[in-house]
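Residues per chain, in single letters:
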Amino acid sequence: MSSESFHNLVLSTPETFPAFPYARPYNIQTELMRHLYEAIESRKVTVVESPTGTGKTSSLLCASLTWLHDEKNRASKGKLDDVATGDDWVSVQTRDRLRRELEAQELEYEQKLAKARRKEADMKSKARVRKKPKPNGDESRRQSIHEDASFLPEDDDDLEDCDGMNLSLAVRVLMARMDPHAHNEELEPTCTKIYYASRTHSQLTQVVPELGKLKIPGYTPISSLSSDSVSGQGVSYSLGKRKAQDDLTSSCCDDQKYHQSRAVSLGSRKHLCINDELRDRVKDIDEGCRELLAEKKENRCPHLPPVGEEVIINGFRDQILATPKDIEDLAIAGRLSGICPYFASRKAIPQAELITLPYNLLLQKSAREALGIDLNNQIVIIDEGHNLIPTLLSLSTVHISLQLLQTALNQVTTYMTKFRNRLNPANLVQLKRLLAFLDVLAKYVGEWRDQRVEPRVAQSGQLASPPVNIDQKAQQFEFQEVLTPTELIERMGRKVVGLNMLEIVKYLKKSKIARKISGYAEKLTQEAEKELELEVASANLKRRVSGSRKGIVPPLHVIEDFMVALAGATDDGRISFTLTNSSGPLLNAKSKSSSPSSVEVKYHLLNPAPHFRDVVDEARSVIIAGGTMSPISDVQNQLFSHLPPERMTSFSCGHIIPPENVLTVAVTKGPSGRELDFRAGKQGDPRVLADLGQIILNFTRTVPGGMIVFFPSYKFLNTAKSAWTSAANGGYLDKFAAKKKVFFEPEDQAGVESVLHEYAAVVSDSSTGALLLAVVGAKLSEGLNFADELARAVIIVGLPFANLASAELRERMRYVKREEEKCLRDGKQQTIRKGKDAAAELYENMCMNAVNQSIGRAIRHRNDWAALILLDQRYSNPSIRTKLPKWIGGNNLAVPEHFGGVVKAMGIFYRGKRRKG
């Protein structure tokens, strides 16, 4: 349809949303859905805050899929308007013919999906997984992989997957145009899509059940659409009825009352590979799959169709589209059909209306290209949006340890020694350059470490001689330093300055040499392990030796990522060097730990916006949603400063709970009358610890059920725990235990599950409840549901500001401040915001993001209730209060003058709940 006629057909925002799964949405849900619908239609970017329990997922799906349904009708009407615009009989007949063709195509496709549903239901009813054929020539394939010739670089331009199944949609379409007989595949229809992304697959599993509850209208014949259904200057027309259309409608076997949205879940090979033999055999499932794709005939993966017969996979693709499946359902369906769900799900993308996928598949351009994802004019929804900025920063982060660097250097050296006479001159030149880079970088990192370790050695009476080629300014941060890519290359000397990094990177990707070298090193390791196993008498030791390296990413792959980052580095890229030991990184000379032994080198970005800009610029509309997005201005400033103001909008929901179900209090003074100030420098003060202990004790006497106290750091929690154990310091732990059983959040992830289970059991079984002492930003402060009795009070101690001893954090703060000053010079920003520069604003926002996530652990549904208590006089500061969620901050936050007022407010709140209960 022409651009002019398309823009003349404007969709008006609905007053109601009949597709909403429940009889009557709350007013805030209707307001949110209207905002989302209008943002999509107006091609805007919006940041949405919808607290947990307000039906965020249902609202996001209902609004976006309602717009998609209306858009589909608009597109159909636009096609009819384009083909003929007059009222004469020729124009009417032309539109009538096109209408019948469009309806026939739609109904035929619905019939195909209905058939796929019946086939899948039949397979499930038999409840028998088809026996997977055992691949022939397994041993010969393994032997062929270990032949030395297989480790030589690839000299041609062959694409990575010779069957074309790993090619992007654009590449496959281009190949089909050049040779229409090359691929025996049907033409794939496409449609406007909604890409729904979240951080993890577990979060995405919540989407499919909500999708099934929606009441999206079923197929609507174009002839039944009134001209009023689309507003604007569309042309009114009359279309005749035909018996053929009625026959097609009645013959459609899909007996569902509502439209079943075509949805597909995308995931990695790790989640979707059903080749158990491969999963058991290889350490890297991605590399193992790629090797099988390169094999011929009987050596190919048994779950993929033969080359030239890819059309076989289309039947399973239709099953995927016919019934929405989460990632686990998809893997199960793949095993039932015996067809690879990883590749079948990719083939379903063009025809899908809703695509769920983890952040990394959406945010990385290389992943989008590999999947054939084209965001042009599509809708992007990013759920759990508070994770977006950290994810964008981490996706481009590459970690290298000194040990890994030395391992990669040894592998390349060994490879060069073995294959020097069999490599052509072009390969030999590039490998020498790679070897030179690794050698110089390993020497520099080793010297950087020695300079910082040797003063300690000297204190032990040994001679410490200073290393060479190290900038003495690095002593400002004894154990950590941050460099720009240019500074690092200059320090490494002439050998690296003269290297063409882009050329080396291009060679690494084309030749796949990293995989070849790692494969050869793996072969030598396996041979050495076999010899060692013969000498090992203990079976347990044997298992440990043979399996110790399983699952480790090949070192040279990480080096390749690091070189790619260096080659494409921009002004916002940094390389940090951190001295480490078995306990982790050392930030400064005061770190209490054993002698440092290694160095972590990390490439990271200071600015999250550039890698997200492609998504924003290509998509029709981008929706960033979360339960706690406050302060919303922080997201806007970090990600969308390049957008014109008219394209940016936001929406913050109130909560669906009645106001009397939540008590929010900022406590500025303790029982002693002293102001509460839990800054890092005061956390060891006995008077501060005594005040905090007495406050928590008072609350245990008032709060029923479960009570969670979040500390700003493990260090402060451990300090308090140590002090409260002593009777001389009040013996508060024993006093807490007399009222509620006390639990501590473990620093080790392995212990979290058991603590949570025991805490929940005690809360459920006892009349007094339990007390859980946790840490902001740790394992229990995000993604967990402490509903009802599990959290009748959430208490935040202090403000969890990040550690300024981190050179990376200081560098990022300097960066945002320089960017702000640049905007001021260029006239893009008028003044510095309310006396704070961008660095201070960023620092404060990082803190409040963490606070808001911890607060969000309570109040999980409409009938839930809890008290939210903020302990620190700084919470009375207006700049802090405005960064709390809308339903908590502002006038909703009480700030009593004295501690007695806090106890009184809590007593009234809980007595009221007991009377109602």
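Everything here concerns the structure above.
Residues numbered from 1 in each chain as written. Predicted model: local features only at pLDDT ≥ 70, side-chain atom pairs only at ≥ 80, totals over all residues. Heavy atoms only, no water.

Trainee: Mind showing me how you'd approach the sheet that holds strand β15 (residues 662-667) here?
Mentor: Taken together, six strands build an open sheet; the order of strands is β15-β20-β19-β16-β18-β17 and the sheet is parallel. If you trace the sheet from one side to the other, it starts and ends with β15 and β17 (741-744), each paired once. In this sheet, neighbouring strand axes are inclined to one another by 15° on average, regardless of whether the strands run parallel or antiparallel. Across the face of the sheet, helix α34 (residues 838-855) comes into contact with β16 (706-711), β19 (793-797) and β20 (866-871) while running at roughly 160° to β19. (Pairing = 2+ DSSP bridges. Helix = DSSP H or I, 4+ residues; strand = E, 2+ residues; numbered from the N terminus. Axes fitted to C-alpha atoms, helices over the stretch in contact; angles between N-to-C directions. Contact = heavy atoms within 4.5 Å.)

Trainee: Even after reading the chapter, I still don't get the packing of helix α29 (residues 686-702) against helix α30 (residues 714-725), so can you show me in this structure?
Mentor: For any two helices packed against each other, the geometry is given by the interaxial angle and the distance between the axes. Close contact between α29 and α30 brings their axes to 10 Å; oriented N to C, the two are set at 85°. Taken together, the axes of α29 and α30 lie roughly perpendicular to each other. Every residue of α30 that contacts α29 at L689, L692, G693 and I696 is listed here: F716, T719, A720, A723 and W724. Grouping the amino acids of the contact of α29 with α30 by side-chain chemistry returns seven nonpolar, two polar and no charged. (Parallel < 35°, antiparallel > 145°, perpendicular 65-115°, else oblique. Nonpolar A, V, L, I, M, F, W, Y, C, P; charged D, E, K, R; others polar.)

Trainee: Please explain the nonpolar core as it appears in this structure.
Mentor: Nonpolar side chains tend to gather and get buried jointly when the protein is soluble and globular. Ranked by internal contacts, the top residues of the largest apolar core, which has 118 residues, are F437, F562, F577, F612, I624 and F640. Per-element tally for this core: the top contributor is helix α20 (residues 425-459), with 12 residues. Excluding anything up to four places from it in sequence, F577 contacts Y444, V445, W448, F479, Q480, E481, L483, L488, V599, E600 and V601. The next biggest cluster of nonpolar side chains, apart from the first, holds 41 residues, and it includes V665, V667, A723 and A793. (Core = buried A, V, L, I, M, F, W, Y, C linked by side-chain atoms within 4.5 Å. Buried < 20%, exposed > 50% of the residue type's maximum accessible area, 1.4 Å probe, protein only.)

Trainee: Help me understand empty space enclosed by the protein, please; the structure alone is not making it clear to me.
Mentor: In this structure the tally under the stated criterion is three cavities of 30 Å³ or more. Residue lining of the largest cavity: 15 residues in total, with C273, C289, C301, C340 and F343 positioned closest to the centre. Mapped by element, the contributors of at least two residues to the lining of the largest cavity are α12 (285-293) and α15 (341-347). Here the lining of the largest cavity gets four residues from one element, more than from any other, and that element is α12. Its residues placed into classes, the lining of the largest cavity shows 12 nonpolar, two polar and one charged. (1 Å grid on protein atoms, 1.4 Å probe; cavity = no way out; pocket = protein on both sides within 12 Å on 5 of 7 lines; lining within 4 Å. Points joined across faces, edges and corners; volume = space filled by probe spheres on them.)

Bear in mind that shape data such as this cannot, by itself, settle questions of function.
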